[in-house]
Amino acid sequence: MADVAPVVLDDAILEWPKNDNRRFLHVVYRVVDLDRSIKFYTEAFGMTLLRKKDVPKEKYSSAVLGFGPEESTYVVELIHNYGVESYDIGTGFGHFGIATTDIYQLVETIRAKGGKITQEPGAAEGTTTVVAFVQDLDGYEFELFERDATPEPLCQVMFHVVDLDRSIEFYEKALGLNHIVTIDRPEEKDTIAMLGYGDDPNQIAILELIYNYDVTEYTKGNAYSHIAISTDDVYKSAEVVELVTQELGGKIIRQPGPFPGTNTKITAFEDPEGWKTVLIDNQDFLKGLEE
C-alpha cells in the first residue's frame, strides 16, 4: 500500500480566522414547552425575549432570549419541534454559564420559579469566585458566577471531549479561537480548557472544553444543537475548516451558501468529536434582524 502524503496546510489561508470579524452569536438547543421556557428564562434568569417565530411548514417554533441585543450580545435560541415530548441531553453536553452581580439573589429567584439548585453558592475551590449550579425546567445545567458587571452575562458553553489537545488545536485553527488557559484538576479527575475571542474570561463569552480522565466515549443525545459564530466570509471560512478537518478530523455538513428561504449565507461543520458549529455571514445576520 502506498504511503499517504501528510496534509500540508496553507499558512496564509489559516491566518483568515484570526483576522476575521468574529464573535459568538447564539447557542441553539431544544426544549419541550417553548412558552414555559420563555417564562422561566425571563422570570428566573432575567433574560429578555428578543424574538419568537412559528414555522408550521417545518413543524417547529423558536424563541431567542438574552441579556442584551442580538447585534452585540451572546444569546440563546430555544427550539421546540412539534409533537416532541422529551429530549435527551446526553452525557457529553456539560452546561451553560451565566455571570451575575448577585448570585445569592439569582439563586433564590431561580428556586422560587421552579428551577433546581444542584449546588448552593460558594467559593470555587482554590479561588474567591462564588459559583453555583442550577438546572432549568428541561434539565439543562447552568453554572452561575458572581462577577462585576460584564458585557457578556451569558458567558459560557461547556461540553466534554475525549481528546483535549486535538480539540484545542482544532478550535484554534478552524475558528481562530484564542486558547486562554488549561487547568488540570487531579482531585476532580479532569482537565478543562477555555477558549474565546479575547484574553479575559471574565469579560468575554468562552467555549469550555472538559476532558474526564479515562473516559473514551460520550453520548450527545438530541437536545443540544450548536453554537453560531459570525464571519465576514463564509466561503473563506469554510475553506479553512475543510483544510483543518483534513488534518485533525471533523467534516463540513453544510457547504457555504445562502440558507433556503432567508438568503443568509452560512456554513456548518462538526468538530472531530461531532460537536456542531454554524458560521453566519455578518452582514446577512444583521440584515435579517432588521427584517
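For clarity, every value in this text was computed on a predicted model and none was experimentally measured. (Residues numbered from 1 in each chain as written. Predicted model: local features only at pLDDT ≥ 70, side-chain atom pairs only at ≥ 80, totals over all residues. Heavy atoms only, no water.)

Non-glycine residue Lys59 carries a positive phi angle of around 60°. With respect to the secondary-structure elements, Lys59 resides in the loop between β2 (48–55) and β3 (60–66). Positive phi, close to 55°, is recorded for Lys189, a residue that is not glycine. Examined against the element boundaries, Lys189 turns out to sit in the loop between β10 (178–185) and β11 (190–196). Its relative accessible area of 56% is what places Lys189 among the exposed residues. (Helix = DSSP H or I, 4+ residues; strand = E, 2+ residues; numbered from the N terminus. Buried < 20%, exposed > 50% of the residue type's maximum accessible area, 1.4 Å probe, protein only.)

Time to look at the side chain of Ser61. Relative to the helices and strands, Ser61 is located in strand β3. Note on Ser61: relative accessible area 11%, which makes it buried. Beyond its immediate stretch of four places on either side in the chain, Ser61 contacts Leu34, Lys53, Asp54, Leu78, Ile79, His80 and Tyr82. (Contact = heavy atoms within 4.5 Å.)

Two side chains of opposite charge can pair, provided their charged atoms sit close to one another. Within this structure, the stated rule accounts for 13 salt bridges. Note that Lys39 is salt-bridged to Glu43, the shortest N-O span being 2.9 Å. Here Glu43 and Lys39 lie together in helix α3 (residues 34–45), a separation of four residues that amounts to about one turn. In this structure Lys39 comes out as partly exposed when scored by relative accessible area, which is 49%. Of the residues examined, Glu43 reaches a relative accessible area of 35% and is grouped as partly exposed. Here Glu169 makes a salt bridge to Lys173, at a shortest N to O gap of 2.7 Å. Of this pair, Glu169 and Lys173 both sit in helix α5 (residues 164–175), separated by four residues, roughly a single helical turn. (Salt bridge = Lys/Arg side-chain N within 4 Å of Asp/Glu carboxyl O.)

Moving on: the sheet that holds β10. Across the sheet, which stays open at both edges, the eight strands sit in the order β6-β7-β8-β5-β9-β12-β11-β10 with mixed pairing between neighbours. Taken across any chain shown, the strands that pair with only one partner, and hence form the sheet edges, are β6 (116–123) and β10. Sheet twist, expressed as the mean angle between neighbouring strand axes with direction ignored, is 20°. The pairing of strand β9 (residues 154–160) with strand β12 (residues 206–212) spans five bridges and is classified as parallel. Residue pairing in the sheet places Val157 in a bridge with Leu207 of β12. (Pairing = 2+ DSSP bridges. Axes fitted to C-alpha atoms, helices over the stretch in contact; angles between N-to-C directions.)

Glancing now at the UniProt feature "active site" (unreviewed entry) in the protein. Summarizing the sequence annotation, UniProt attributes the feature "active site" (unreviewed entry) to Glu143 in the numbering used throughout. Tracing the backbone shows Glu143 in strand β8 (residues 141–146). If we skip the residues at most four places from it in the chain, Glu143 touches His95, Phe96, Gly97, Ile98, Val131, Ala132, Phe133 and Gln156. (UniProt positions renumbered as here; feature names shortened; annotations may be inferred.)

Take empty space enclosed by the protein next. For the structure shown, the criterion picks out one cavity of 30 Å³ or more. If you trace the largest cavity, you find it lined by Phe24, Phe159, Tyr171, Leu175, Leu207, Ile227, Ile229, Trp275, Lys276 and Thr277. Secondary structure elements with two or more residues in the lining of the largest cavity: α5, β13 (224–231) and β16 (276–281). The class makeup of the residues in the lining of the largest cavity is eight nonpolar, one polar and one charged. (1 Å grid on protein atoms, 1.4 Å probe; cavity = no way out; pocket = protein on both sides within 12 Å on 5 of 7 lines; lining within 4 Å. Points joined across faces, edges and corners; volume = space filled by probe spheres on them. Nonpolar A, V, L, I, M, F, W, Y, C, P; charged D, E, K, R; others polar.)

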